[in-house]
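Below, each chain spelled out in residue letters.
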Amino acid sequence: MISLRALALCTCGLGLAVAPAAAGDDDHDAAKPGPNAPLALNAEQQRAVGIAVAHPVAAQAPERIDALGEVLDPTLLITESGESAAAAAAERSASTEAARLRALYQGGAGASLKMLEAADADQARAHATAAGAAARFALHWGPLAGMPAGERQQLIERTGAGGALLVRADLPGHHSLAALPDRALLDVDGLRVPGRVLGALRQASEVQSAGLLIEVSKAPEGLGAGAKVPVELVGAGHRGMALPRDAVLYDDGGPYVFKQLGRGADPKTARYAPVKVKLLARYGNGWLVDGIDDDDDIVVRGAGVLWSLQGMGSRPADADDDDD
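Residues numbered from 1 in each chain as written. Predicted model: local features only at pLDDT ≥ 70, side-chain atom pairs only at ≥ 80, totals over all residues. Heavy atoms only, no water.

**A look at the overall build of the protein chain**
In terms of regular secondary structure, the protein chain is built from seven helices and 16 strands. Out of the 324 residues in the protein chain, the part that is buried amounts to 40%. For the protein chain, the proportion of contacts with a sequence separation of at least 24, taken over those separated by at least 6, is 75%. Of the roughly 17,400 Å² of accessible surface on the protein chain, a fraction of 53% belongs to carbon and sulfur atoms. (Helix = DSSP H or I, 4+ residues; strand = E, 2+ residues; numbered from the N terminus. Buried < 20%, exposed > 50% of the residue type's maximum accessible area, 1.4 Å probe, protein only. Contact = heavy atoms within 4.5 Å. Areas by Shrake-Rupley, 256 points an atom, 1.4 Å probe, with all protein chains shown as cover.)

So this is what it looks like as structure tokens:
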């Protein structure tokens, strides 16, 4: 597969330098002056890079998604939570001791430089241990790491006492989640057991898919750690605009698409500007998004080429282009 950088070099070799955006073409959605200024390509350039545009189609995401759930071992949660708490306490103790010795040393009250250096080394080791324990806990139990301490401790106590179960729900074929489902239903021997979706997990399982952490209160007797059950994730059934996978790009600012703007004075030249969108849900082989309309001309083929051409000879659009 040819990389986008290589493709950009090829287009330059074909003479596809990006033309400056035409002034005087009013378009409310034109990009602001800067690195994301509209790109302008003439008809020959559009054909050379295979640009195709289409109107997005209004659609609704499925309200229910099938997942595979596994009941997690509560002892792992208790152990890693305890290790993280102990490491944090050890770091606080080491920091306090280092501060005490530093004060004594600076005041000439019986603490040697060697003692202070040893205390600083202990503090650094304790800090590294605490940071590693906290990162490990966040990796394995991300939604719990973001909870207030009191709420997290109550949940840990509930699971340890058997009053609740934690279930990992894997979504085969999904490596990301646009939005969290509202709730979950576990199929336990034909019983539909409700669960509370706590959030997305940061570590993939052996099925290499996105996973959710679910709390199940008052689970049926006999359902325990290691059990695998079907899970139905129930969402709000988002409505949005359906786009093919190749139309949606992603950068540090999040997901976006390229929209074809007005053609300006030259009817053979088309302008393209990035427009940020919000991902609502996976939809077939593409995405359901918000932030565009069904009468917008969205680049559905060749968006990657436009991405590679950004900054290669383009210049900011005139301020007049932003006015209706």
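**Quick word on the packing of aromatic side chains**
For the structure on display, the rule yields one aromatic pair. Summarising the aromatic geometry, the rings of Tyr256 and Phe258 are spaced 5.8 Å apart at their centres and angled 75 degrees between planes, so their arrangement reads as edge-to-face. For the pair shown, Tyr256 and Phe258 are each scored as buried. (Phe/Tyr/Trp six-rings, centres within 6.5 Å; stacked < 30°, edge-to-face > 60°.)

**Points about the packing of helix 3 (residues 74-106) against helix 6 (residues 149-160)**
Between helix 3 and helix 6, the least distance of the axes is 9 Å, while the angle of their chain directions is 140 degrees. Viewed along their axes, helix 3 and helix 6 adopt a mutual orientation that is oblique. Between helix 3 and helix 6 lies a crossing whose hand is left-handed. Together, Pro74, Leu77, Ile78 and Ser81 of helix 3 and Ile156, Thr159 and Gly160 of helix 6 make up the contact between the two elements. In terms of residue class, the contact of helix 3 with helix 6 is built from four nonpolar, three polar and no charged. (Axes fitted to C-alpha atoms, helices over the stretch in contact; angles between N-to-C directions. Parallel < 35°, antiparallel > 145°, perpendicular 65-115°, else oblique. Left-handed = near helix turned anticlockwise from the far one by under 90°. Nonpolar A, V, L, I, M, F, W, Y, C, P; charged D, E, K, R; others polar.)

**What about the pattern of salt bridges?**
Two side chains bearing opposite charge may form a pair once their charged atoms approach each other closely. Under the criterion given, the structure shown has nine salt bridges. Residue Arg158 pairs with Glu215 through a salt bridge whose shortest N-O separation is 2.7 Å. In this pair, Arg158 is assigned in helix 6 and Glu215 in strand 8 (residues 210-217), connecting sequence segments 57 residues apart. Look at Arg158 and you get partly exposed, because its relative accessible area is 31%. Overall, Glu215 belongs to the buried group, its relative accessible area being 4%. A salt bridge links Glu215 to Arg196, with the shortest nitrogen-to-oxygen separation between them at 2.6 Å. Of the two residues, Glu215 sits in strand 8 while Arg196 sits in strand 7 (residues 191-200), which places them 19 residues apart along the sequence. (Salt bridge = Lys/Arg side-chain N within 4 Å of Asp/Glu carboxyl O.)

**Focus on the pairing of strand 4 (residues 64-71)**
With seven bridges connecting them, strand 4 and strand 9 (residues 228-234) associate as antiparallel partners. Bridging from a neighbouring strand, Leu68 pairs with Pro230 of strand 9. (Pairing = 2+ DSSP bridges.)

**Notes on the side chain of Arg168**
Mapping Arg168 onto the fold places it in strand 5 (residues 164-171). Note on Arg168: relative accessible area 11%, which makes it buried. Side-chain polar atoms of Arg168 contact the side chain of Asp170, separated by 3.0 Å. Filtering out sequence-adjacent residues up to four positions away, Arg168 remains in contact with Leu68, Gly69, Glu70, Leu72, Leu201, Gln203, Ala204, Ser205, Ser209, Ala210, Gly211 and Leu212. (Polar contact = N/O pair within 3.5 Å; in protein donor to acceptor, adjacent residues only side chain to side chain.)

**A word on the confidence of the model for the protein chain**
Overall, the predicted model of the protein chain reaches an average pLDDT of 81, with 82% of residues at or above 70. Contacts for the low-pLDDT stretch residues 1-34, under 50 throughout, to residues beyond four places or in other chains number 72 contacts. Ignoring residues within four places in sequence, the model shows residues 313-324, a span with pLDDT below 50, making 35 contacts including any to other chains. (pLDDT = per-residue confidence, 0-100.)

**A closer look at the sheet that holds strand 4**
Around the barrel, which closes on itself, the six strands sit in the order 4-5-8-7-6-9 with antiparallel pairing between neighbours. Each adjacent strand pair in this sheet contributes to an overall mean axis angle of 40 degrees, direction not counted. Across four bridges, the pairing between strand 4 and strand 5 is antiparallel. The partner of Gly69 across the bridge, within strand 5, is Ala169.

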